[in-house]
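The chain contents come next:
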Amino acid sequence: MAMAFDPISQLDRLAASVLDSVRSPRLMPVDLFRDGDKYVLHADLPGVDPGSIDVDIDGSQLSIRAQRTADSGEGSRWLARERSAGSFLRQFTLGDGVDVERISASYENGVLSVIIPVSERAKPRKIAIESSEHRQEIAA
């Protein structure tokens, strides 16, 4: 397989890797949606050791931290190295309408899933409408 050498793109990659190594922690891409009576958050963390993942709540702040270690590749000659290693952090402010006591998390196939249930008081409900005629019938 022939590979062309492009000095401009190589300089771009070098600059990006130098700047990226200074910036820490890194962001993780997430999807967040509401599914009925719960919010579902999926965070992409491929190659992360599940033991390094930390999900915690401090007041109304949900924090997700993870660590990915770089392949040392000793004796290897790297041709491309685009997968970042290091610390990952994402924080979310939770509103009053969630049940923080019932939040759960799981990690499968490189995706962290966090389930955030909606609190009972925040769920939609029907309000009975009374009229003066209806109250009179009940009293009679």
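Heads up: the structure comes first, above all this text.
Residues numbered from 1 in each chain as written. Predicted model: local features only at pLDDT ≥ 70, side-chain atom pairs only at ≥ 80, totals over all residues. Heavy atoms only, no water.

Undergrad: Hey, could you run me through the overall build of the protein in this one?
TA: The number of helices and strands found in the protein is two helices and seven strands. Helices and strands in the protein line up, N terminus first, as α-β-β-β-β-β-β-β-α. Looking at the protein residue by residue over its 140 residues, the buried ones come to 20%. Contacts in the protein between residues far apart in sequence, at least 24 positions, make up 51% of those at least 6 positions apart. On the protein, roughly 10,700 Å² of surface is accessible, and the fraction owed to carbon and sulfur atoms is 51%. (Helix = DSSP H or I, 4+ residues; strand = E, 2+ residues; numbered from the N terminus. Buried < 20%, exposed > 50% of the residue type's maximum accessible area, 1.4 Å probe, protein only. Contact = heavy atoms within 4.5 Å. Areas by Shrake-Rupley, 256 points an atom, 1.4 Å probe, with all protein chains shown as cover.)

Undergrad: What exactly am I supposed to notice about the sheet that holds strand β4 (residues 61–68) here?
TA: Hydrogen bonds along the backbone pair up the strands of a sheet, which may run parallel or antiparallel. One open sheet accounts for three strands, arranged β3-β4-β5; its pairing is antiparallel. Strands with a single pairing partner mark the edges of an open sheet, and in this sheet they are β3 (54–58) and β5 (86–93). Across the sheet, the axes of successive neighbouring strands diverge by a mean angle of 15°, strand direction being ignored. (Pairing = 2+ DSSP bridges. Axes fitted to C-alpha atoms, helices over the stretch in contact; angles between N-to-C directions.)

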